[in-house]
Every structure is written in structure tokens, then in C-alpha cells.
Amino acid sequence: MKGRPLYLTLTSGTTARLNTYRRLFGSLQVLYCKFLLVAGKAVRDLLCKTPSLQRHVVFSYKTTYTYSPAGIPISQVTDVPLKTNYQEWARVTLTTPPCARDISTDQEIIYIHLLFALRDRYLYSIDAVFASTVYYAFVLLEQRWMELVEDIRLGKVNPTLNIEKHVRHALNEELEPMPERATELANEFYKGFDAIVLRIWPHCHVINAATAGSLAMFTRSLRSKYCRYIPVFSPVFASTEVCLGVNLWPLDEVPNFCLTPSCSFHEFIPEANADEDQPKTLFSDQVKVGQTYEVVATSLNPLYRYRTGDLVTIRRFYEQAPVFEYRTRKGALFNIRGEKVTDVILTTAIKNCSKKHWNDKMIIDFVCCDSHLVDNLGAEYATTGTLPCYYVFLNSLME
């Protein structure tokens, strides 16, 4: 695929150093046409039998760019618009007007997304890159619903928000007083926030956000409270480097993804050989159900035999394509008192601890890090021969 790159996209850097990859218009169209549209069709076929002109809310943050010496924008892949006519597309399909993308603070931009979404009783879907973003948006709604209702009643943006003057003016131009909708919303909020999505948006069909891996905790929190009776759907499995699979089963609780061989060429390294420098690989027709592999991809970006570091378990085949479940990142290990464990093992251990010792409280989120308290316990270890272990949990439990 030839041409000047439209963007240079940054990796997250969670398990390795930051890298940049070029993005051409054609590769963006592959992502949109062969992944997002396919996943969207699966939702419509199953949950909404007729074409819909309803709008979506997308919880996103301000797009920030740096530039290469050649003047090419550099950003996270989630900040790259998939359409060249983004402004026109957003105005037709999204509840939030395009001018909101210039809001520089995270809490304010989520507030504005909520404000415009709440005005639309016929919302089709709630979208975000990660389930955690959706969860914290609803936490903000629960905290500030009175202000949002008043903004809808008056048709003006909250004057206390930290928003630039020209952006505030543009947002106010998009608003008009909606006292009846404000009263309807207030009546529902006074009842509490269980299953709030379908109570304030009765025509909403789906929550679209990544739910795999460590995001599963946020997904459970959404399903147990705010988003009861509505699917929380992880449409694609993709990263900055490569797009691997599309989810064709919106109602499945655990997301499974169908490998998409038309977008990139895939090879698989058995988990037992994943630590080798030059392991032998298998093709997609050679993998076995129930086995775990590291994925190797050759893509349009271009990447040649790129080891993604993603470990996936093959669950079944759809036609001739493997269907996989994401497991974890290779090399993403926590050091728990000298014991190397994966995030899957640690998450399972904390969930089991909650069930056994904390009256089955729901874990919303947690952070794992080394404790410097251990450095001060040398005297106790010298005396008793034992080294106590400390765990500290902050703001992690939900009634």
C-alpha cells in the first residue's frame, strides 16, 4: 500500500518501549469496513432488525497531536478519525457536536457528552474505546445529574465548567431549553441508578467498548448496575499495530473474536514456545481448540511477522476461521513476593478473596505495585525468619 502516511500512531507502551507506525487512508478503511461495520451488522441483525437513523454517544477525550519532522501528525490510534469527512459524519450520527472535541479537560468533555446524550431519548448506542471509560462516565452522571438536568431545562452549558469561551459559545448554539425532557430525566434519577440506561434511553440497543482482559471488572460493574438488561459488547480485537479479530456474537458474556485473514496474515506460536527467540509457528488451520498461542501478524501497516505479545486461546472455529478469546499479554507479569504471576491469575485471586473474606463485594478496579514497607522489615525477618505480606486496597469495593 503506497502513499504518504496520514498519521503516525503510537503504541501504548504498556509492555515495551513506545513505537510509532504509519497509517495510510487505505489501512484506515480496512479497519472501518472489515471490522467495525461487520461488528455493527452483527448487532443490528440480532438486536435491531431494521435500519436505524438513531444517534450514538461516543465517550472520547480531546485529540492531541505532535508532529514528525515531515509534518505528519502523531497520536494514539484511538485519536485517528476513520473518516476524512469526520465533521459532517459526526454531526449526523453522534449526539455530541464536533466542537466539543476542543475541550481540554477530561471531566468537562465527559460531562458534555452526557449532556447532549441525555437530551436524546432515542439514543441507539453508547460507545467508547474501553469499558472503564463508560463506567466512569456513569459514575460522573450519578454524581452530577442535578446539574445536567438543569442544563437541559435551561438550554445552556453549566457556567462552572472549565471550558474555553469560544467552545462554550459554540455548544450553547447547539442547545435549546427542554423542560419536559429534564423533568422526565429527574424523575428517573430520583429512583436510583440501577438499570438506568434503559430507563432514560428505552431505545438503546448496545454498549460498545473493549471488555477483555483487565477491563472485565468494569464490564461486570456496568452489567450489575447501570447497564442491566442491555448487552455490553466488545466489537473488535485490535491494537495500534494490528487488527486481529471481530466479534460476531453480541450476547456472549465473554467476548470471542473471529480471526479476519483478509486484513492481515497470522501465524501462531504455542504458549510453551513463546519465550523462544525463533520458535516454530503454526498457520490458522493448524491451531487446536483449547490451546493457547501468541499471535504473529504480517499486516498492511506494514509489519512483517510481528510478534504481538497477545496470548489467545482458541475456543472454536467459525466456518474455517479460528475463534479466539484473549487471555493476557506475554511478559506482563507481576512480582508478588518473588512469585511471577499474570494479571489473569492476580485478578482471579482477588475475586476469590472478595468472595471468601469480603462478603462477595464487587471489585471495580485495583492497582498492583511493589511496597517499600517490605524494605523496613529486615529486623523482623532476622529475628523470626518470616516476612509478613501487606496488601492495601484503596477505593476498590462496591456494595
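The preceding data block contains the structure.
None of these values were measured; they are calculated from a predicted model.

A. Representation of unusual backbone geometry in the model. The residue Tyr229 is not glycine, and still its phi comes out positive at about 70 degrees. Here Tyr229 lies in the loop between α8 (216-224) and β8 (232-233). With a phi close to 55 degrees, Glu319 is a non-glycine residue in the positive phi region. By the element assignment, Glu319 lies in the loop between β14 (303-318) and β15 (321-329).

B. How the structure looks around the pairing of β15. Most of β15 is tucked away, with seven of its nine residues classed as buried. For strand β11 (residues 257-259) and β15, the ladder comprises two bridges, and the chain directions are antiparallel. Bridge pairing in β15 links Phe257 to Phe324. Hairpin connection between β14 and β15: a loop of two residues separates the two successive antiparallel strands, and Glu319 in this loop has a positive phi of roughly 55 degrees.

C. Spatial organisation of helix α5 (residues 165-173). Buried within α5 are the following residues: Val167, Arg168 and Leu171. The buried residues of α5 occupy one face: seen down the axis, they fall within an arc of 100 degrees. Summarising the geometry of α5, the exposed residues directed more than 90 degrees from the buried face are Lys165, His166, His169 and Glu173. Looking at the buried positions of α5, the neighbouring elements they touch are α3 (106-119).

Criteria and cut-off values
- Residues numbered from 1 in each chain as written.
- Predicted model: local features only at pLDDT ≥ 70, side-chain atom pairs only at ≥ 80, totals over all residues.
- Heavy atoms only, no water.
- Helix = DSSP H or I, 4+ residues; strand = E, 2+ residues; numbered from the N terminus.
- Buried < 20%, exposed > 50% of the residue type's maximum accessible area, 1.4 Å probe, protein only.
- Pairing = 2+ DSSP bridges.
- Arc of directions from axis to C-beta.
- Contact = heavy atoms within 4.5 Å.

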